[in-house]
Amino acid sequence: MAASWYIRNWLSHHVRRVTAARPIHTQSVLPGTTSAALEIIRTQPSQYIVASLVGRKFILTPRDLLTVPHIKDVDVGDVLVLKDIHEVGSRDYTLRGAPLIPPGRVKVEATVVEHTKGAMEVVFKKKRRKGYQKTIKNKHPYTRLRIGPIQFADNS
């Protein structure tokens, strides 16, 4: 008990308290329209989107390299337009769709970088006392995409 009192006493005398220049919880002005919200997000230094691709949702930023299960009928160098965008945001603001953001507001393109295969998966099957043994080897195919810049529609 005496040790904890000693530590608290030492800390109170030797540690300088730092006060914030501005209050932590400041009231920010919320935009009134979707166009105003998109304009605020556009001015932020970094943006992200939440998009559905191949049946899953991904959080994506520009220049990300995304590995998804194999997409048929696309070649290396093809450009895909992400249509199902659920959310767009920045560090300070987020705009969520209900359930999607209209396709005319935000446009994101993804370029097919390569078609590849994953690591070797080995499945060993055996039945006891029957002499049955079987080894199944498989590599799942994947497609790698490079995410392009997030483009916002003009207000005009």
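Above this note sits the structure.
Predicted model, so just to flag it, every value in this text is computed and none were measured.

A. Examining the pairing of strand S5 (residues 85-90) more closely. Counting buried residues in S5 gives 6 out of 6 residues, a clear majority hidden from the surface. Following S5, the chain reverses through 3 residues before pairing antiparallel with strand S6 (residues 94-96).

B. The pattern of salt bridges, seen in detail. This model, assessed by the stated rule, comprises 4 salt bridges. Between glutamate 87 and arginine 96 there is a salt bridge, with its nearest N and O atoms 3.1 Å apart. Take glutamate 87: its relative accessible area is 14%, and that puts it in the buried class. Looking at arginine 96, the relative accessible area reads 65%, which means it is exposed. One salt bridge connects arginine 144 with glutamate 114, and the closest N-O pair in it is separated by 3.4 Å. With arginine 144 in strand S10 (residues 141-152) and glutamate 114 in strand S7 (residues 106-117), the pair connects residues that are 30 residues apart, well separated along the chain. The exposure class of arginine 144 is partly exposed, given its relative accessible area of 25%.

C. Spatial organisation of the sheet that holds S7. Strand order in the open sheet made by the 4 strands is S3-S10-S7-S4, with antiparallel pairing throughout. In this open sheet, the two edge strands, each paired with only one partner strand, are strand S3 (65-69) and strand S4 (79-82). Taken over all neighbouring pairs, the strand axes of this sheet differ in orientation by 40 degrees on average, direction set aside. In this structure, S7 lies alongside S10, joined through 10 bridges in antiparallel fashion. Across the sheet, valine 106 pairs through a bridge with phenylalanine 152, a residue of S10.

D. Structural detail: the sheet that holds strand S2 (residues 56-60). In spatial order, the strands read S2-S1-S5-S6; together these 4 strands make up an open sheet with antiparallel pairing. Looking along the sheet, the strands with just one partner apiece sit at the ends: S2 and S6. Neighbouring strand axes in the sheet, compared pairwise and without regard to direction, differ in orientation by 15 degrees on average. In this sheet, S5 lies alongside strand S1 (residues 47-53) in antiparallel orientation, the contact comprising 5 bridges. Opposite valine 50, over in S5, you have glutamate 87 as the bridge partner. Against the sheet, helix H2 (residues 34-43) contacts S1, S5 and S6, and its axis sits at roughly 140 degrees relative to S6.

Rules and cut-offs
Residues numbered from 1 in each chain as written. Predicted model: local features only at pLDDT ≥ 70, side-chain atom pairs only at ≥ 80, totals over all residues. Heavy atoms only, no water. Buried < 20%, exposed > 50% of the residue type's maximum accessible area, 1.4 Å probe, protein only. Helix = DSSP H or I, 4+ residues; strand = E, 2+ residues; numbered from the N terminus. Pairing = 2+ DSSP bridges. Salt bridge = Lys/Arg side-chain N within 4 Å of Asp/Glu carboxyl O. Axes fitted to C-alpha atoms, helices over the stretch in contact; angles between N-to-C directions. Contact = heavy atoms within 4.5 Å.

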